[in-house]
Amino acid sequence: MSSFEDLFATHVATGMARQLALADLLGDRAWQLDLNAGLVTFGNDLRYPVQLLGTESHADRTWLWAWANSASNLDPALLQLAGWLREHGRGEGIRELYEPSLRLDHIDGHRLSLVASGLTGRPYYRGTYNGGAIFFHLENLPSKVQGAVPPERAFTVLGQVLQAFAVDHRTVVVNFLRQQGWRVDDVKGGGVLGRHPDGSHMRVAFDHLGRISDLTGGVQPR
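The following paragraphs examine the structure supplied in this document. (Residues numbered from 1 in each chain as written. Predicted model: local features only at pLDDT ≥ 70, side-chain atom pairs only at ≥ 80, totals over all residues. Heavy atoms only, no water.)

Glancing now at the packing of aromatic side chains. Tallying each qualifying case throughout the model produces nine aromatic pairs. Seen from their ring centres, tryptophan 63 and tryptophan 65 are 5.3 Å apart, and the 85° between their planes marks the pair as edge-to-face. Considered together, tryptophan 63 and tryptophan 65 belong to a single accessibility category, that of buried residues. Ring centres of tryptophan 63 and phenylalanine 135 lie 5.4 Å apart, and the angle between their planes is 65°; on these two criteria the pair is classed as edge-to-face. Of the two residues, tryptophan 63 is situated in strand β4 (residues 62–65) and phenylalanine 135 in strand β7 (residues 132–138); the sequence distance between them amounts to 72 residues. For tryptophan 63, a relative accessible area of 0% corresponds to the buried category. Linked through ring pairs, Trp31, Phe42, Tyr125 and Phe136 together constitute an aromatic cluster. (Phe/Tyr/Trp six-rings, centres within 6.5 Å; stacked < 30°, edge-to-face > 60°. Buried < 20%, exposed > 50% of the residue type's maximum accessible area, 1.4 Å probe, protein only. Helix = DSSP H or I, 4+ residues; strand = E, 2+ residues; numbered from the N terminus.)

Right, here's the structure in full:
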């Protein structure tokens, strides 16, 4: 069994890559969620089906999984992925995925949704409202959002993740590169060498605490 922190380190970078690609697509468009139709609209031109994840309450500082929100009489069709995450959590012994409600102290909707993105292959959106925020997956997005990122963005993603979160650096690097289609090999001294199919490469060295001590590489021109 793995812990939530293990799962987070494994999936956070690919989840973040999807979020950056989604931000590029959406720009500064306003959002509107229609729960009856199961659709979210951005601006006047983008519309996508959704799968609900959960909500943050600013008043009592809690997260509530969508499948546990019985008071809202949500359409079960919008809860399929959240239900799958719950069962996955039960099978792996990861309580953060199957407990109905969580305190927003060591965890929050972004961390939960980044793990969900890694497990389901879908980016998420955080929509704020008076008193809280709702998180949901977006369906049927272009491949440039859900697919692998170009090599030059891989360097950017790793930098942002390792600055933003206290995670095991080696776990993040190795899993992210493999998930993005890179070949990853161990190199002398305990580092790793990643090779992208287009010829781009990334060499990463770690210190005695497992933190990145050097990151170099080259990107093939497009």
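What follows is about the nonpolar core. Of all hydrophobic cores here, the largest spans 46 residues; its most connected members are Trp65, Val172 and Phe176. Broken down by element, this core gets its largest block of residues, nine residues, from helix α1 (residues 4–26). Ignoring sequence-local partners within four residues, the contact set of valine 172 consists of Ala9, Val12, Ala13, Leu158, Val161, Leu162 and Val167. (Core = buried A, V, L, I, M, F, W, Y, C linked by side-chain atoms within 4.5 Å. Contact = heavy atoms within 4.5 Å.)

On to the sheet that holds strand β11 (residues 212–218), then. Read across the sheet, four strands follow the order β8-β9-β10-β11 without closing on themselves; strand pairing throughout is antiparallel. The outermost strands of the open sheet, each flanked by one partner alone, are β8 (183–186) and β11. When strand polarity is set aside, the average angle formed by the axes of neighbouring strands in this sheet is 15°. Here four bridges tie β8 to strand β9 (residues 192–195), and the two strands are oriented antiparallel to one another. Paired with aspartate 186 across the bridge in β9 is valine 192. On top of the sheet, helix α7 (residues 169–179) reaches β8, β9, β10 (201–206) and β11; it is set at about 165° to β10, its chief contact. (Pairing = 2+ DSSP bridges. Axes fitted to C-alpha atoms, helices over the stretch in contact; angles between N-to-C directions.)

Before going further, it helps to spend a moment on the packing of α1 against helix α4 (residues 109–120). The contact between α1 and α4 brings their axes to 7 Å, and the two run at 80°. In terms of orientation, α1 lies roughly perpendicular with respect to α4. Across from Phe4, Glu5, Leu7, Phe8, His11, Val12, Gly15, Met16, Arg18 and Gln19 in α1, the residues of α4 making contact are Arg111, Leu112, Leu114, Val115, Ser117, Gly118 and Leu119. Partitioning the contact of α1 with α4 into residue classes produces nine nonpolar, five polar and three charged. (Parallel < 35°, antiparallel > 145°, perpendicular 65-115°, else oblique. Nonpolar A, V, L, I, M, F, W, Y, C, P; charged D, E, K, R; others polar.)

The largest bend in α1 is about 45°, located at histidine 11. Counting buried positions over the 23 residues of α1 gives 18, a clear majority of the element. Phi for glycine 27, located one or two positions after α1, is positive at around 60°. (Bend = angle between axes of the 7 residues up to and from the residue.)

Scanning the entire structure with this criterion turns up twelve salt bridges. Here arginine 195 and aspartate 185 are joined by a salt bridge, their closest N and O atoms 2.8 Å apart. In this pair, arginine 195 is assigned in strand β9 and aspartate 185 in strand β8, connecting sequence segments ten residues apart. Among the salt bridges present, the one from arginine 211 reaches aspartate 207, with a minimum N-O distance of 3.0 Å. Look at aspartate 207 and you get partly exposed, because its relative accessible area is 24%. (Salt bridge = Lys/Arg side-chain N within 4 Å of Asp/Glu carboxyl O.)

Moving on, we come to unusual backbone geometry. The phi dihedral of arginine 61 falls on the positive side, at around 55°, and the residue is not glycine. Position of arginine 61 relative to the elements: it lies in the loop between β3 (46–57) and β4. At asparagine 140, a position not held by glycine, the phi torsion is positive, near 60°. Residue placement: asparagine 140 occurs in the loop between β7 and α5 (143–146). A relative accessible area of 63% means that asparagine 140 is categorised as exposed.

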